[in-house]
Amino acid sequence: MSSIPDGFGSHLPVLRWLLEVTDGPILEVGGGKYSTPLFSQSGRELVTVEEEPKWRDEMALYHRGVVTDTIPTEGSYSIVFIDHEPESIRRQALDSLEGRYEVAVVHDVWKPGDARQRYPGIWTPAPEGAWWFYPRPAVLGPPTMVFGIDPPEELPDGRIVK
């Protein structure tokens, strides 16, 4: 049985692994029905940024940390997870956090050169040291880009691409 419930949770193997190998606060830019509960249950300090009021109210139901509508201008994080809409501004959000995180994770990002890549100019070139988790089978959802940490040898239900 897959550890990925559907296409919206294709980042879960990466997030679970990162929770095992890192410690410290988490910044989630864009709340989600899978990532927010997972992070909240970790017991770590968690800040979730969600601009859409209806979705922000829903995230507050799962959450034991801070739910806000703007990216904090101070603080540093062990993990920064970017998964907000629209996808076209995710690089801008990540750049605004430069120097304030150990590991960055961006959902829905294909490796440059992949024919399925959306918004190719945004992630080309990719951040130094980036690697991707491609779920297997691909119908389980889009890949997730990670940088700031070396990849594991393997993760369940997918493959690592450097």
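The structure this text deals with has already been given above.
Residues numbered from 1 in each chain as written. Predicted model: local features only at pLDDT ≥ 70, side-chain atom pairs only at ≥ 80, totals over all residues. Heavy atoms only, no water.

Enquirer: Outline the overall build of the protein chain, listing residues and values.
Expert: Counting its regular elements, the protein chain contains 4 helices and 8 strands. If you list the helices and strands of the protein chain from N to C, you get α-β-α-β-α-β-β-α-β-β-β-β. Whereas a compact globule of 162 residues would reach a radius of gyration of roughly 15 Å, the protein chain reaches 15 Å, a difference of no more than 12%. For the protein chain, the spread of C-alpha atoms along the three principal axes comes to 35 × 35 × 30 Å. Of all 162 residues assigned to the protein chain, the portion counted as buried reaches 50%. Of the contacts made within the protein chain by residues no fewer than 6 positions apart, 54% connect residues no fewer than 24 positions apart. Accessible surface for the protein chain amounts to roughly 8200 Å². Of this, 51% is attributable to carbon and sulfur atoms. The protein chain carries 15 positive and 25 negative side-chain charges, and their two centres are separated by 5 Å. (Helix = DSSP H or I, 4+ residues; strand = E, 2+ residues; numbered from the N terminus. Rg over C-alpha atoms; globule rule 2.2 N^0.38 Å. Buried < 20%, exposed > 50% of the residue type's maximum accessible area, 1.4 Å probe, protein only. Contact = heavy atoms within 4.5 Å. Areas by Shrake-Rupley, 256 points an atom, 1.4 Å probe, with all protein chains shown as cover. Lys, Arg positive; Asp, Glu negative; His and termini not counted. Charge placed at Lys NZ, Arg CZ, Asp CG, Glu CD.)

Enquirer: Describe the side chain of D114, and please don't skip the residues or the numbers.
Expert: Within the secondary structure, D114 sits in the loop between β5 (101–107) and β6 (131–135). Here D114 falls in the buried class, since its relative accessible area comes to 16%. Among the polar contacts listed, one links the side chain of D114 to the side chain of Y134, at a separation of 2.8 Å. (Polar contact = N/O pair within 3.5 Å; in protein donor to acceptor, adjacent residues only side chain to side chain.)

These figures come from the coordinates and say nothing about function on their own.
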